[in-house]
Amino acid sequence: MNLTLKIWRQDGPDDTGGIHTYEVSGISQDMSFLEMLDVLNEQLNEKGEEPVAFDSDCREGICGMCSLMINGEAHGPEVTTTCQLHMRSFSDGDTITIEPWRAEPFPVIKDLVVDRSAFDRIIQSGGFVSANTGSAPEANAAPVPRDKAMRAFNVATCIGCGACVAACPNGSASLFLGAKITHLGELPQGQPERWTRVVDMVGQHDHEGFGGCTNIGECAAACPKEIPLDVISQLNKDLRTALKNGH
Amino acid sequence: MAGSTLHDGLTPLNEASVQKSDDAHGYYTLGDKLVDPVAPVGPIAERWTTRKFENRLVNPANRRKLDVIIVGTGLAGGAAAATLGEAGYNVKSFCYQDSPRRAHSIAAQGGINAAKNYKEDGDSTFRLFYDTVKGGDYRSRESNVYRLAEVSANIIDQCVAQGVPFARDYGGLLDNRSFGGVQVSRTFYARGQTGQQLLIGAYQAMERQVAAGTVEQFTRHEMLELVVVDGKARGIIARDMVTGEIETHLADVVVLATGGYGNVFFLSTNAMGSNVTAAWRAHRKGAYMANPCYTQIHPTCIPVSGDHQSKLTLMSESLRNDGRIWVPKKKEDCDKDPRDIPEEDRDYYLERIYPSFGNLVPRDIASRQAKNMCDEGRGVGPMVGDFRRGVYLDFTDAIKRYGKAGVEEKYDNLFDMYERITGENPYEVPMRIYPAVHYVMGGLWVDYHLQSNIPGLFVSGEANFSDHGANRLGASALMQGLADGYFVLPNTIRDYLADGPFEKIDESHEAVVEAKRSVQERIDRFLSIDGTRSADSYHKELGNIMWEYCGMERTEEGLRKAIDLIRELKADFWSNLKVLGSADTLNQSLEKAGRVADFIELGELMCIDALNRRESCGGHFRAESQTDDGEALRHDDEFAYVAAWEWGGDSLEGGQPVLHKEDLIYTAIEMKQRSYK
Ligand SMILES: Cc1cc2nc3c(=O)[nH]c(=O)nc-3n(C[C@H](O)[C@H](O)[C@H](O)COP(=O)(O)OP(=O)(O)OC[C@H]3O[C@@H](n4cnc5c(N)ncnc54)[C@H](O)[C@@H]3O)c2cc1C
Ligand code: SF4
Ligand code: FES
């Protein structure tokens, strides 16, 4: 396949940046989207132009590192991560626009690479269970009903990629937040800190500059792990309960 | 006499090895024998308990004054940062990703072992220990492995307390499955995402300490040099990958938890950034690299589809329970639609060669036979170069037996993943699989305390060598990473730190200045070669050499050839590399150049190690050492040792690595040949 790529290039955080156009040829259907960019970068390097910077690591859909807006959609046209998107989703002669995640709390570092450390800071504010090492009770001491365990697992699969934020017109991270609140809230281990957790995490979320949720649902539609929208209801419910009880 | 290498109080069950052959003569020099100076004594079940008691304590007020650097935030590093932070030490944690949560451990699929005996099926600490030593072809250390089995049960307790959502049965209790040919059900799992859930647990525990102020985290930072002062590890030089700044971080103790080096093969199931740099830089500063040639190759990966491929994806081994593996009998049939090839023209080669095990032969055999079929020209799938690298894994019979719905229920997400990557529907066309590099058992040499031969440098997880021998059983790498991080290091580092407070050093110290200068010079050199080839292209070429000659099957002749080819490649790399951009911003080409340079040197050592070891064991198959019917043949009399290599200078300048042998002496377990037939 031959493709025309319109790619956001930005030298550094302070550069204004802009779209550059590249032609790339010899793309096979079997390539992943990132392998297609590898080919482009080899070609650029040969020509003496600096390769396009983009993030990836596992290339298996699990680490959450890859992050591209492809034709205006987070992770592109399919419900998956960018690394698992393959070129057979495109056609010969297509023009593809590639941009970084767009959200104020995710500043651009270079080209397509953004800074998502705000997510780490949200976890630091309460996204954990305070269990000291070496003093844990026997694992089967507290059984977890199977439906709760399943629900906790299903939402714990969030990979922290940030596609939900990039897809949201408000730049809200509520899906990410809701996934963690629900994961820990479903389990007996998560109960002691349940109410302070939600208050602190929402506080940090707002402090980082993420927007509020207005139930548009673009987040869940873009989420490669299919985290359901109802985790946001759980989030709001926990927050209401916590505030009512003075946490 | 074997006993002479041991501390008092233990009776060895085997003799020390005496190497008679020497294929690698001329490629290395022989150094002194090596002994683990802190190897424990006494009955095996009491060794760790006794040692924990003997290890000295550090009082809480003093802990705050002691600085610990941990490089790596996978299961091994993340768990250690969380635990040492919680204990009150001053921890600095480093990783090259944008968040600690993205370390390569996140990708592990199958599960984690623990001797909980929840199923009352006869499991015990001793059985887990026994299976692990045997599975590793008797090339691991018994004391270390026993400890691993012993703390395994605590790991599950710890993770559950953190909220890790393991699979549960209808009663709400933890569920297990069996894995990798073991006869008991001891594997805990979280669907196909066990690594992710365990890592998120460790990451959250670590972030809790970041909030508490005991752990400071440095993301997008790459360690490029170890600082050694007066023979002790005292810090690292790291590059801030965003600003390009070369930073010095000093401490009282340094932990490397930097993962494995399988990416030396270019194509592997490892993450793109997995590298050997931290370990290799430490090696060049004097740390021994042990058993580098031990590579685990996994038989059921999605095959290479073309030259563009950047990495390989693992498919769970459980597929071999129901899929039948075959290739066409005739080469002419290889490009036909497999559905048009009649039964009598198919070669179900595993069922033919191993009638009793069939498609369920162990990993190394299944892998090697797939390669043999493709080497004969009977591989299937697209041509990659002038080769087809794939064999069929056919579910037609299984679909007939259980119906499509039955197969779907068992393997659904794997079938989806396969379809996404290959574009083929495996319910209709047989899947194609091929072996791929998956894990490395070699790594930096450590003693029982996980301390390298450089005092103050500790190594944990896949980056060290001690627990898996020549072959790793499924679900045991996750166990080792967390055992090291949560339970072993906190006890052994404490003993080291009890010698403190250590003399403070500052950035103007000669050793620090020198380390920093060497990093800067190296970066300047990469940017100034101004040749014609990208770092990636060298990496790919190195990978081809390694796979061809130091992959699933190795021969004396092939390994010699590989060493020559790698030396040529190294010379070319340093004169013809092209790295664009500058050093003071994010520069991914520059990062790759540094990693590839280290992989080239490691690759050379792997070949020398493989050449030296004229025996077949686990992930190392030397064609010269096989039984009449093609099985791996070990030589315990000659090779029951750990090969610990000391850096002896650059081979292009006449340097040669120095081999130190540590005899593997068993006191609690008897060495036996593994048999598959
Ligand atoms: C696809 C796949 C499936 C697997 N499935 C299983 C399984 O089911 N069960 C099992 O037991 N094992 C499994 N394994 C093996 C297991 O996942 C790994 O061996 C294990 O996770 C390694 O953990 P680690 O903490 O040692 O290193 P890693 O998780 O690899 O972490 C390495 C860390 O070091 C950092 N780092 C590396 N170099 C530098 C540097 N120079 N500077 C700064 N930071 C650096 C990285 O950023 C990262 O944080 C699997 C492996 C693969 C590839
Ligand atoms: S909720 Fe979904 S889209 Fe958002 S970070 Fe998690 S996995 Fe990514
Ligand atoms: S690179 Fe890891 S999820 Fe895409």
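Further up the page is the structure itself.
Residues numbered from 1 in each chain as written. Chains lettered and ligands numbered in written order. Predicted model: local features only at pLDDT ≥ 70, side-chain atom pairs only at ≥ 80, totals over all residues. Heavy atoms only, no water.

1. Re the overall build of chain B
Looking only at helices and strands, chain B has 16 helices and 22 strands in total. Here the C-alpha atoms of chain B give a radius of gyration of 24 Å, agreeing with the 26 Å that 2.2 N^0.38 yields for 677 residues. C-alpha extents for chain B along the principal axes are approximately 75 × 65 × 55 Å. In chain B, which comprises 677 residues, the proportion classed as buried is 66%. Considering only contacts in chain B between residues 6 or more positions apart, those separated by 24 or more positions represent 73%. The centroid of the 78 positive side-chain charges in chain B is displaced by 2 Å from the centroid of its 99 negative side-chain charges. (Helix = DSSP H or I, 4+ residues; strand = E, 2+ residues; numbered from the N terminus. Rg over C-alpha atoms; globule rule 2.2 N^0.38 Å. Buried < 20%, exposed > 50% of the residue type's maximum accessible area, 1.4 Å probe, protein only. Contact = heavy atoms within 4.5 Å. Lys, Arg positive; Asp, Glu negative; His and termini not counted. Charge placed at Lys NZ, Arg CZ, Asp CG, Glu CD.)

2. Thoughts on the interface of chain A and chain B
In this assembly, 74 residues from chain A lie in contact with 73 residues from chain B. Buried area between chain A and chain B, both sides added, is near 6100 Å², and the carbon and sulfur share of it is 49%. Looking only at chain A, the three residues that lose the most surface to chain B are D57(A), T133(A) and F153(A), adding up to 11% of its buried area. In this assembly, chain A and chain B are joined by 5 salt bridges. With a shortest N-O distance of 2.8 Å, E60(A) and K311(B) are connected by a salt bridge. Where chain A touches chain B, the interface holds 49 residue pairs in polar contact (both at pLDDT 80 or more). Of all elements in the fold, only α1 (33–47), β6 (108–110), β7 (113–114), α2 (117–124), α3 (146–156) and α5 (174–185) of chain A reach the threshold of two or more residues within the side of chain A that touches chain B. Sort the elements by how many residues they give to the side of chain A that touches chain B and α3(A) lands first, with 7 residues. (Buried area = accessible area lost by both parts, 1.4 Å probe. Salt bridge = Lys/Arg side-chain N within 4 Å of Asp/Glu carboxyl O. Polar contact = N/O pair within 3.5 Å; in protein donor to acceptor, adjacent residues only side chain to side chain.)

3. Brief notes about the pairing of strand β10 (residues 253–256) of chain B
All names here are of chain B. Residues V253 and V255 of β10 are buried on one face, and the alternating residues V254 and L256, pointing to the opposite face, are buried as well. The pairing of strand β2 (residues 67–71) with β10 spans 4 bridges and is classified as parallel. Its bridge partner being in β10, I70 is matched across the sheet by V255. Alignment of β10 against strand β20 (residues 457–459), held across 3 bridges, turns out to be parallel. Within β20, the residue paired with V254 across the bridge is L457. (Pairing = 2+ DSSP bridges.)

4. Digging into the site of ligand 1
Residues and elements named next belong to chain B. Around ligand 1 sit 38 residues in total, of which Q97, S105, G110, M223 and E462 are the nearest. The separation between an oxygen atom of ligand 1 and a polar main-chain atom of T73 is 2.8 Å. At 2.8 Å from an oxygen atom of ligand 1 is found a main-chain nitrogen or oxygen belonging to L478. When ligand 1 sits alone it has 1000 Å² of accessible area, and the protein chains cover 98% of it. Put simply, the parts of the chain that give the shell around ligand 1 at least two residues each are α3 (75–87), β7 (221–229), β18 (431–440) and α11 (477–497). (Near = heavy atom within 4 Å. Areas by Shrake-Rupley, 256 points an atom, 1.4 Å probe, with all protein chains shown as cover.)

5. Describing the sheet that holds strand β3 (residues 90–94) of chain B
All names here are of chain B. As summarised here, the arrangement of the 5 strands in space is β6-β3-β2-β10-β20, forming an open sheet in which the pairing is parallel. Of all the strands in the sheet, just β6 (215–218) and β20 have a single pairing partner and so form its edges. For this sheet, the mean inter-axis angle between neighbouring strands, taken without regard to orientation, is 20°. Against the sheet, helix α6 (residues 194–212) makes contact with β3 and β6, and its axis sits at roughly 110° relative to β6, the strand it touches most. Where α11 meets the sheet, it contacts β2, β10 and β20, and its direction lies at approximately 155° from that of β10. (Axes fitted to C-alpha atoms, helices over the stretch in contact; angles between N-to-C directions.)

6. Regarding the side chain of S310(B)
Inspection of the secondary structure puts S310(B) in the loop between β12 (295–301) and β13 (324–328). Taking relative accessible area as the criterion, S310(B) reaches 5% and is therefore assigned buried. Dropping the residues within four chain positions of it, S310(B) is found in contact with E35(A), D38(A), R59(A), F266(B), L267(B) and M272(B).

7. Considerations on α2(A)
Most of α2(A) sits inside the fold, with 7 of its 8 residues counted as buried. Listing the buried residues of α2(A) in full gives S117(A), A118(A), F119(A), D120(A), I122(A), I123(A) and Q124(A). Against α4 (163–167), α5 and α6 (194–207) of chain A together with α6 and β6 of chain B lie the buried residues of α2(A). Two residues or fewer past α2(A), G126(A) is found with a positive phi of approximately 160°.

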